[in-house]
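Residues per chain, in single letters:
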Amino acid sequence: MRKTTTLALIATGLVALGCGAGSTDEGTSSKADAGSAKGDDKPAKTAKIGQPARDGKFEFTVKSSKCGVAKVGTSMIGDKAQGQFCLITINVKNIGKEPQTLDGSSQKAYAANGTEYSSDSEAGLYANQEQSTFFEEINPGNQVTGVFVFDIPKNVKLTKLELHDSMFSGGVTVSLT
């Protein structure tokens, strides 16, 4: 069942890529217009837990981080970690002028040595029984709070996240330390 679910998630992502291939991202500022922005409009390069951080049309606020979780879901159905799950609770607000899809698989986590970890979309489905973070469309002005799940080795500690409004955006860094 795990392979079937994974294949279905990959197929959905590929279809979504095709649908958004020609879109533009007016919310992401370039280096050329960064100088004309007011200092308080310019997002910080690295945010901390509890601080809003913007990438494109999304404003991310990491609420909490909890590692060392062995299983997500219910006693009947769930997903077991290969190592340990790190559950990162994030509020995502659409600050743009059109709907934007939140893609959980575009979010990355890093260890101190620079090793990159991808979000576990299947575990995320079980961890978010009330709200999906895998492929959720958010209308302008609306926000969702969900849990992003990373399956990392037991001896690893995450130090930062790289959050993206889409797989093609530059991303914004949030420190977990």
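Higher on the page you've got the structure.
The present account deals with the structure reproduced in this document. This structure is a prediction, so every number in the text was calculated from the model and none was measured.

1. Some remarks on the packing of aromatic side chains
Then, in step 1: Considering all chains together, one arrives at one aromatic pair under this definition.
Then, in step 2: The interplanar angle of 80° and the centroid separation of 5.9 Å between the aromatic rings of Phe 58 and Phe 60 together place this pair among those described as edge-to-face. Each of the two residues, Phe 58 as well as Phe 60, counts as buried.
Then, in step 3: One Lys or Arg, Lys 160, reaches over the ring of Tyr 110 and ends 5.2 Å from the middle of that ring.

2. Things to note about the state of the cysteines
Then, in step 1: Tallied over the full model, the rule gives one disulfide.
Then, in step 2: The disulfide bridge from Cys 67 ends at Cys 86, spanning 2.0 Å between sulfur atoms. On the S-S bond that ties Cys 67 to Cys 86, the torsion sits near 115°, and the link is right-handed. One end of the pair, Cys 67, is in strand 3 (residues 58-73); the other, Cys 86, is in strand 4 (residues 78-94), with 19 residues separating them in the sequence.
Then, in step 3: Judged by its relative accessible area of 0%, Cys 86 falls in the buried class.

3. Some words on the nonpolar core
Side chains of a nonpolar character, in soluble globular proteins, are inclined to be buried together.
Then, in step 1: Counting 25 residues, the largest nonpolar core has Ile 90, Phe 150 and Leu 161 as the members making the most contacts within it.
Then, in step 2: Apart from residues lying up to four places away in sequence, Phe 150 is in contact with Gln 84, Phe 85, Cys 86, Ile 88, Gln 107, Lys 108, Ala 109, Tyr 117, Ser 118, Ser 119, Leu 158 and Leu 161.
Then, in step 3: Core analysis: the second largest hydrophobic core is formed by nine residues, Val 72, Phe 85, Leu 87 and Val 147 among them.

4. A short note on the sheet that holds strand 1 (residues 46-48)
Then, in step 1: Reading across the sheet, the five strands line up as 1-11-10-6-7 and stay open at both edges, with mixed pairing between neighbours. Looking at the sheet topology across the chains shown, the edges are occupied by strand 1 and strand 7 (116-118). In this sheet, neighbouring strand axes are inclined to one another by 30° on average, regardless of whether the strands run parallel or antiparallel.
Then, in step 2: Bridge analysis of strand 10 (residues 158-163) against strand 11 (residues 172-175) gives four bridges, and the strand direction is antiparallel.

5. Observations regarding the pairing of strand 9 (residues 143-152)
Then, in step 1: The buried count for strand 9 comes to eight of ten residues, which makes it a mostly enclosed element.
Then, in step 2: Here ten bridges tie strand 4 to strand 9, and the two strands are oriented antiparallel to one another. Bridge pairing links Val 92 to Val 144 in strand 9.

About the thresholds
- Residues numbered from 1 in each chain as written.
- Predicted model: local features only at pLDDT ≥ 70, side-chain atom pairs only at ≥ 80, totals over all residues.
- Heavy atoms only, no water.
- Phe/Tyr/Trp six-rings, centres within 6.5 Å; stacked < 30°, edge-to-face > 60°.
- Buried < 20%, exposed > 50% of the residue type's maximum accessible area, 1.4 Å probe, protein only.
- Lys NZ or Arg CZ within 6 Å of the ring centre and 35° of its normal.
- Disulfide = S-S within 2.5 Å.
- Helix = DSSP H or I, 4+ residues; strand = E, 2+ residues; numbered from the N terminus.
- Core = buried A, V, L, I, M, F, W, Y, C linked by side-chain atoms within 4.5 Å.
- Contact = heavy atoms within 4.5 Å.
- Pairing = 2+ DSSP bridges.
- Axes fitted to C-alpha atoms, helices over the stretch in contact; angles between N-to-C directions.

In short, the description is geometric, and any link to function would need to be established separately.
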